[in-house]
Amino acid sequence: MTVDPGRMAGRVALVTGASSGLGAAIATALARYGARMVVHGRDEERLAGIARLTGGTPIAADLADPAAVRDLAARALEPHGRLDVLVHNAGFGWAGPLTGMDPSETDRLLAVNLAAPIALTRALLPGMLERRSGHLLFVSSIAGRLGVAGEAVYAASKAGLDVFAESLRLELHRTGVTVGVLVPGLVDTPFFERRGRPHPRRGPRPIPPERVADAVARSVARGSAEVHLPRWLRLPVAVRAIAPGTYRSLAARFGARA
């Protein structure tokens, strides 16, 4: 279903983690829909390229640093004096047994994937509430809905983000600020290589980031609460909720592994 690009025209959007991968695709899609972009990332050179492509303002920051998160919130308001859409996309993964994960890596993952989105939302939400308009979009993961062996901390960070978004949606009811969650499966980006273990690619086929980004742009324009990609991911989530014992048996047999 198509969406009138005019519904995004003039709205100011910040996308975190936009220097590559899914974040870059989301920023490009939102710009195509007419949004005025502010793009965040750590790689300044790549971020500058996305800024040129989208006509946006680049802001480099390391979201593992709480002071950098506060600085990003302040600087994101400078280009246009407001923010209408906030897409929490920045994050990274780690794969392997929990006992093999360095404590410093655990702290950093939780800081970037969970603490930073909470802090950034806390800093930028008041302006949206004052205008009674805005949309918060959280990029979660199917790992946060189902759990995945070998990704315990990553899955926990995404589950926390998921519940934070749901709680915030209830809190913001009738304020004019809407909350959405993207629950993607395997997306064809360098994410898996960067986490330290490539995905085994036994199926399903990875989704092109452009397809996911277009779904995000449409959901933001509509103010949708939730998007699963691919849509069939709703099925295992439903099975786990309705028949958890059956789901765990199937997961153990067929392998819900990183």
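Bear in mind the structure is a predicted one, so any value in this text is a computation, not a measurement.

> Mind showing me how you'd approach a positive patch on the surface here?
Taken together, the side chains of Arg-7, Arg-211, Arg-222 and Arg-231 present a region of like positive charge at the surface. Structurally, the position occupied by Arg-211 is in helix H8 (residues 209-222). Note on Arg-211: relative accessible area 45%, which makes it partly exposed.

> So what exactly am I meant to see when it comes to the sheet that holds strand E1 (residues 12-15) here?
Pairing between the strands of a sheet comes from backbone hydrogen bonds, and it takes one of two forms, parallel or antiparallel. Spatial ordering of the open sheet is given by E3-E2-E1-E4-E5-E6-E7, a layout of seven strands whose pairing is parallel. This sheet does not close on itself; its edge strands, each paired only once, are strand E3 (57-60) and strand E7 (226-229). Strand-to-strand twist in this sheet, taken as the mean axis angle between neighbours without regard to direction, amounts to 15°. Two strands pair when backbone bridges link them, and strand E4 (residues 85-88) and strand E5 (residues 134-139) are joined in this way by four bridges, in the parallel orientation. Bridging from a neighbouring strand, Val-87 pairs with Leu-137 of E5.

> Is there a simple way to think about the side chain of Asp-84 in this case?
Summarising the element assignment, Asp-84 is placed in the loop between helix H3 (66-76) and E4. A distance of 2.7 Å separates a polar side-chain atom of Asp-84 from the backbone nitrogen of Val-12.

Thresholds, definitions, all that
- Each chain carries its own residue numbering, running from 1 in the written order of its sequence.
- Since the coordinates come from a predicted model, pLDDT governs what is reported: local features require at least 70, and pairs of side-chain atoms require 80 or more to be given and counted, while whole-chain, interface and lining totals use all residues.
- For side-chain calculations, the full set of non-hydrogen atoms in the structure is used, while hydrogens and water are omitted.
- Within this analysis, patches are made of residues with over 30% relative accessible area and no salt bridge. Like charges are joined at 9 Å or less; nonpolar side chains (Val, Leu, Ile, Met, Phe, Trp, Tyr) at 5 Å or less.
- Accessibility throughout is a Shrake-Rupley quantity obtained with a 1.4 Å probe, and a residue counts as covered only by protein chains that appear here.
- Think of a salt bridge as a Lys or Arg side-chain nitrogen and an Asp or Glu carboxyl oxygen that are within 4 Å of each other.
- The charge count treats Lys and Arg as positive and Asp and Glu as negative. His and the chain ends do not count.
- Lysine's charge is taken at NZ, arginine's at CZ, aspartate's at CG and glutamate's at CD.
- A helix here means a DSSP run of H or I that spans at least four residues, while a strand means a run of E at least two residues long, and both kinds are numbered starting from the N terminus.
- Relative accessibility thresholds used throughout: buried, under 20% of the residue-type maximum; exposed, over 50%; partly exposed, between the two (1.4 Å probe, protein chains only).
- For two strands to be treated as a pair, DSSP must find no fewer than two bridges joining them.
- Angles here are taken between N-to-C directions and fall from 0 to 180 degrees, while the axes themselves are lines fitted to C-alpha atoms, restricted in helices to the stretch in contact.
- Polar contact is defined as a pair of N or O atoms within 3.5 Å, subject to the rule that within protein one atom must be able to donate a hydrogen and the other to accept it, and that residues adjacent in sequence are counted only when both atoms are side-chain atoms.

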